[in-house]
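Architecture at a glance
So you can see what is in the structure, the chains are spelled out below.
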Amino acid sequence: MYSACALITVFALAGSGLTDYCYRGAAGDAESFTITGQPTWAPRSVEARVRPVGGAAGSMGIVLHYQDSANLYLFLYGTGSTALRIYRKTAGTYTLLGSTPLVIPMGEAHTMRAATDGSGLLGLYWDDVLRLSVSDTTFDAGRIGLRVWNMTADFDDVLALGADGSPLFADDFDDGNAGGWSAGSGWTVVAQSGSPMPQPVFDTSFEGGNVQVTLVDPPTWTVHVTPELKGTSPYRAWFYFRMSNLSPAQPTNMVFQDVAFFTRPYYSYDNVNWTVFPAPPGNMYSVTFTQDLVWIAHSIPYTTSHEQQLIDDVQGPHVQTSVLATSEGGRPVHRLTITEPDGLTGKQGVWLVARQHAWEASGSWVADGLARWLASSDPQAISLRAKAVVNLVAIMDVDNVVLGGSGKDQAPIDFNRDWRATPHWNAVRETISGIDAFAATESYDLFIDAHCPGSASTFLYVQPESMVSPQYWLRFEEFRQILASTAGSGPLPYNGQYSELGPSYHPLWNQISLWHQYVVHSELELSLGLETQTSSRSGYQSLAEGIGRAFDDFLPDETTDVEDLAGAVAVSGAALMSPQPTPFRTATALDIVLPQSAMVRLTVHDALGRQVRTLVEEIRPAGSSPAAWDGRNDSGFPAAGGVYFLRLHTASRDATAKVTLLR
Ligand SMILES: [Zn+2]
């Protein structure tokens, strides 16, 4: 099921500068050249250290006056001919100009020099001794190079001297590369020992893994990577990979290319504890990794295994885990429902969803932190559990989270543009209907959609002030001030910032979660988006706790004594029981439940939130007392068929029940 699997090996990341490198050519039945220099070069000599490595019937050597691969001089040692030979190649045809016997063992290094006097005399030196001399005037200038055929050979310390004896060209390959050479197939720079040069191994064969390596430059230990496009999102936003076979203490320079919504990345030696990269001078991050294996990610990854760990860690009487939806890929989308297990209904309802955009792992960390805090014995967490039911979805787009896709603007529709009458994605559809079902039996007060788009600060999204009631805006002002006080400090502070999300934000603005919920559930106190920065684990945890405390401070108390709750003695607030029957045609009845006698008002609202009827406006006694609705409005006319909400208002809190009228 988990298909993210890629093992990427890149050639030749240099080790320390102490390593002696050489240039290895390996060829089969087609000769292979590597060439450098200019067509106008007329060197007096070209010298190289040469070493046959393998291939008993091939040849290797130096190229002089190279016009092209069909016109040149070759100075060769043949393992099959066991001879030194000088050839002219003209229009692709070899002409043997001279030959002299020589046998050397494989693996033995010697010095070979191709020389000319500039007027047609060609000489082949072996270990500084002239072994072969011929005359030919076909070519008098050209590029220089190395050549192998049917064998493997190492070349090092290439030196070309000009007509006046001064160096024209030199390369000892100890920078770890063959820059300036134009090589055919089979040419690589290797350590002088003959073993392959150290090279990093990139691995993304784990959940959420993603990287595309675009360049490895050994001499400077520079690695360029970019996110791979996975899934159907056009954004290269998420990367998460393992890099091994490093040389500890060698600074690695990393360039993260074409990363959408880029922020400082994180690295880890154990895939658990993460450190943010040091701020770069430009776009080049230089880090001296102290171990030979490192994980690197856009931000601290949060995968389904983290979610499973959360579910395991918080399980207990306060927490119910259920499968809200099954993704298109067959994976569960989990819902955690956290409340005090006191059997009370009519509590205030909170929904927080995260990770509609798979690359925004931080949203899941906030949901995770909130769940952990809510399940704790913190008195304020107990208080919130007593008066509220908090529903958390830590991973909405589970398929892209597993795949390592970014998910943003994915085809056919972005998760967060899919909040509409007939959603495309299972997770969105089932979350909407799960919330609807919840709202039908419980009060529904707060909706929050957690994102982390790599913004420079942490802020809330809210409907534009011009489009909401003054009362709604006042409640928003109250919430953001509370949140700024409960989450204003710590490594990931919320400083009270917000942004208004309306028609100018996006063409599909009214299919964004917080708008959809705001419109469909008029009973909501607030429907908001949360945009966090990337941060550390403790940053996410402290922000999540601040959010939890803000929920508790914001939602009216229905409890009288928090200390009592620590002993699991929950105190109920005002509540509405479910209307019976529903759906109904002529009348439906329900009980109002009060902890003490109180002034109450019970009103009926249509699906758009408009009040159609006041049913009760009087002091009611403690305990249960009945109420009923005959399906008529305040003018006595039958109300239209549809969904209605019965709202109980008291000085301390509101409660809502849902009923369906049939016509
Ligand atoms: Zn987002």
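If you're wondering where the values come from, they're calculated on a predicted model, not measured in any experiment.

The rules behind these values
Residues numbered from 1 in each chain as written. Predicted model: local features only at pLDDT ≥ 70, side-chain atom pairs only at ≥ 80, totals over all residues. Heavy atoms only, no water. Donors = N, O, S within 2.8 Å, 3.2 Å for Na, K, Ca; no water. Helix = DSSP H or I, 4+ residues; strand = E, 2+ residues; numbered from the N terminus. Expected span 1.5 Å × (residues − 1). Contact = heavy atoms within 4.5 Å. Salt bridge = Lys/Arg side-chain N within 4 Å of Asp/Glu carboxyl O. Buried < 20%, exposed > 50% of the residue type's maximum accessible area, 1.4 Å probe, protein only. Pairing = 2+ DSSP bridges. Axes fitted to C-alpha atoms, helices over the stretch in contact; angles between N-to-C directions. Parallel < 35°, antiparallel > 145°, perpendicular 65-115°, else oblique. Left-handed = near helix turned anticlockwise from the far one by under 90°. Nonpolar A, V, L, I, M, F, W, Y, C, P; charged D, E, K, R; others polar. Domains from an automatic or database assignment.

Moving on to the coordination of the zinc ion. Binding of the zinc ion to the protein goes through H357 (ND1), E360 (OE), E360 (OE) and H451 (ND1), at separations of 2.0 to 2.4 Å. The sequence pattern formed by the donor residues of the zinc ion is H-x2-E-x90-H. Taken together, the residues span a long stretch of sequence, with H357 in the loop between strand 28 (348-354) and helix 2 (361-374) and H451 in strand 30 (residues 446-451) at a distance of 94 residues.

What follows is about unusual backbone geometry. Residues other than glycine predominantly adopt negative phi, and peptide bonds predominantly adopt the trans conformation. The omega angle of the peptide bond from Q580 to P581 is -10 degrees, so this bond is cis rather than trans. Unusually for a residue other than glycine, T82 sits at a positive phi of about 40 degrees. Structurally, T82 can be placed in the loop between strand 6 (71-78) and strand 7 (83-90). In this model, D258 sits at a positive phi of 55 degrees, which is unusual for a non-glycine residue. Considering the arrangement of structural elements, one finds D258 in the loop between strand 21 (251-256) and strand 22 (266-268).

Compared with the 26 Å implied by 1.5 Å per residue over 18 residues, the 25 Å span of helix 8 (residues 537-554) between its first and last C-alpha is a close match. Of the surrounding secondary structure, the elements contacted by the buried residues of helix 8 are strand 28, helix 2, helix 3 (379-387), strand 30, helix 6 (470-486) and strand 33 (526-531).

Our next topic: the pattern of salt bridges. Oppositely charged side chains may form a pair once their charged atoms are brought near each other. Across all of its chains, the model carries 25 salt bridges by this definition. E31 is the salt-bridge partner of K89, the closest N and O atoms lying 2.4 Å from each other. A residue pair is termed long-range when its members are at least 10 positions apart, and K89 in strand 7 and E31 in the loop between strand 2 (21-26) and strand 3 (32-36) qualify at 58 residues. Put simply, R620 and E618 hold a salt bridge, and the shortest N to O gap is 2.7 Å. With relative accessibility at 10%, the residue R620 sits in the buried group. Residue E618 is classed as partly exposed on the basis of its relative accessible area of 36%. Put simply, R24, R51 and D154 are held in one network by salt bridges that share partners.

As a further point, take the sheet that holds strand 31 (residues 459-462). An order of 26-27-29-28-30-33-31-32 is seen for the 8 strands of this open sheet, with the pairing classed as mixed. The outermost strands of the open sheet, each flanked by one partner alone, are strand 26 (319-326) and strand 32 (498-500). The average undirected angle you get between the axes of adjacent strands in this sheet is 20 degrees. On top of the sheet, helix 2 reaches strand 27 (332-338), strand 28, strand 29 (388-393), strand 30 and strand 33; it is set at about 145 degrees to strand 28, its chief contact. On the sheet, helix 3 packs against strand 27, strand 28 and strand 29 and is oriented at approximately 100 degrees with respect to strand 29.

The next point concerns the packing of helix 3 against helix 8. Where helix 3 meets helix 8, the closest approach of the two axes is 9 Å, and the angle between their N-to-C directions is 55 degrees. On the basis of the axis angle, helix 3 is oblique to helix 8. As for the relative orientation of helix 3 and helix 8, their crossing is left-handed in sense. Residues Q380, S383, L384 and K387 of helix 3 pack against G548, R549, F551, D552 and D553 of helix 8. Split into classes, the residues belonging to the contact of helix 3 with helix 8 amount to 2 nonpolar, 3 polar and 4 charged.

So, on to the domain arrangement of the protein chain. When the domains of the protein chain are assigned, the result is domain 1 (4-191), domain 2 (201-297), domain 3 (318-554) and domain 4 (562-661). For domain 3 and domain 4, the distance between their C-alpha centres works out to 27 Å.

The N-to-C vectors of helix 2 and helix 8 enclose an angle of 60 degrees; their axes lie 8 Å apart at closest approach. For the element pair helix 2 / helix 8, the angle class is oblique. Crossing geometry of helix 2 relative to helix 8 is assigned as right-handed. Residues S362, W365, V366, G369, L370, R372 and W373 of helix 2 lie in contact with helix 8, whose contacting residues are R537, Y540, Q541, L543, A544, E545, I547, G548, R549 and F551. Of the residues contributing to the contact of helix 2 with helix 8, the split by class is 9 nonpolar, 4 polar and 4 charged.

This brings us to the pairing of strand 11 (residues 129-135). Two faces make up the sheet, and in a regular strand the side chains alternate between them. Note: strand 10 (residues 121-126) against strand 11, 6 bridges, orientation antiparallel. Note that in strand 11 the partner of L124 across the bridge is L132. What sits between the antiparallel neighbours strand 10 and strand 11 is a turn of 2 residues, in which D127 has the positive phi angle 50 degrees.

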